[in-house]
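Descriptive structure summary
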Amino acid sequence: AGLRYLEKQSLAELLRRLRAENMGILLVEHDMDFVMGLADRVVVMSGHPGRIREEITVAVGRPRDPRDVSRKAQELISHIWQLLGEEVGSGLTER
């Protein structure tokens with residue numbers, strides 16, 4: 001289930017604190033706007049077997065406001081959705 005708005009804000013604040021301590025963080029999230037607000041890298045996985053399909057660097061400046069998605073972030077989101085669509089399509093043809 002998706003995180004509610006206040007939970008996302010609390011998580012975003014925790015992640016900012018951990019990042020300030022130079023800690024690496026792995027977060028599995030499907031809300032692309034939220035991801036663009038937090039992530040430095042996005043890893044897109046393939047279907048079964050799960051393998052890294054592409055690793056994408058989020059080259060969007062900081063600080064970021066997860067509610068204000070830049071043009072560059074929108075382009076990255078579109079690319080990620082394209083990759084995911086291809087994965088879904090390839091999974092359907094393998095059945």
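The present account deals with the structure reproduced in this document. Note that this is a predicted model, so its numbers are computed, not measured. (Residues numbered from 1 in each chain as written. Predicted model: local features only at pLDDT ≥ 70, side-chain atom pairs only at ≥ 80, totals over all residues. Heavy atoms only, no water.)

1. Notes on helix α1 (residues 5–20)
Between its first and last C-alpha, α1 extends 23 Å over 16 residues, near the 22 Å set by a 1.5 Å rise per residue. Among the residues of α1, those classed as buried are Lys-8, Leu-11, Ala-12 and Leu-15. Looking straight down α1, one finds that the buried residues subtend no more than 105° of arc, so they occupy a single side. Facing away from the buried side of α1 by over 90 degrees, the exposed positions are Leu-6, Arg-17 and Ala-20. Its buried side turned inward, α1 meets α2 (32–38). Where α1 ends, the next residue or the one after it, Asn-22, has phi of about 60°, a positive value. (Helix = DSSP H or I, 4+ residues; strand = E, 2+ residues; numbered from the N terminus. Expected span 1.5 Å × (residues − 1). Buried < 20%, exposed > 50% of the residue type's maximum accessible area, 1.4 Å probe, protein only. Arc of directions from axis to C-beta. Contact = heavy atoms within 4.5 Å.)

2. Quick notes on the pairing of strand β1 (residues 41–45)
Residue alternation in β1 divides its side chains into a buried set, Val-42 and Val-44, and an unburied set, Arg-41, Val-43 and Met-45. Where β1 lies against strand β2 (residues 52–57), 5 bridges are found, and the strand directions are antiparallel. Bridging across to β2, Val-43 finds its partner in Glu-55. Connecting β1 to the antiparallel partner β2 that follows it, the hairpin turn spans 6 residues. (Pairing = 2+ DSSP bridges.)

3. A look at the pattern of salt bridges
Applying the stated rule across the entire model yields 7 salt bridges. Among the salt bridges present, the one from Asp-40 reaches Arg-19, with a minimum N-O distance of 3.7 Å. Here Asp-40 is found in the loop between α2 and β1, whereas its partner Arg-19 is found in helix α1, with 21 residues between them in sequence. Here Arg-53 makes a salt bridge to Glu-87, at a shortest N to O gap of 2.9 Å. Here Arg-53, found in strand β2, pairs with Glu-87, found in helix α3 (residues 71–93); they are 34 residues apart in sequence, far enough to count as distant. For Arg-53, a relative accessible area of 32% corresponds to the partly exposed category. Note on Glu-87: relative accessible area 18%, which makes it buried. Within the structure, one salt-bridge network assembled from shared partners comprises Glu-13, Arg-16 and Arg-17. (Salt bridge = Lys/Arg side-chain N within 4 Å of Asp/Glu carboxyl O.)

4. Some thoughts on the side chain of Glu-87
Among the polar contacts made by the side chain of Glu-87, one reaches the main-chain amide nitrogen of Gly-47 at a distance of 2.8 Å. Ignoring sequence-local partners within four residues, the contact set of Glu-87 consists of Met-45, Ser-46, Gly-47 and Arg-53. (Polar contact = N/O pair within 3.5 Å; in protein donor to acceptor, adjacent residues only side chain to side chain.)

Function cannot be read off these values alone, since they describe shape.
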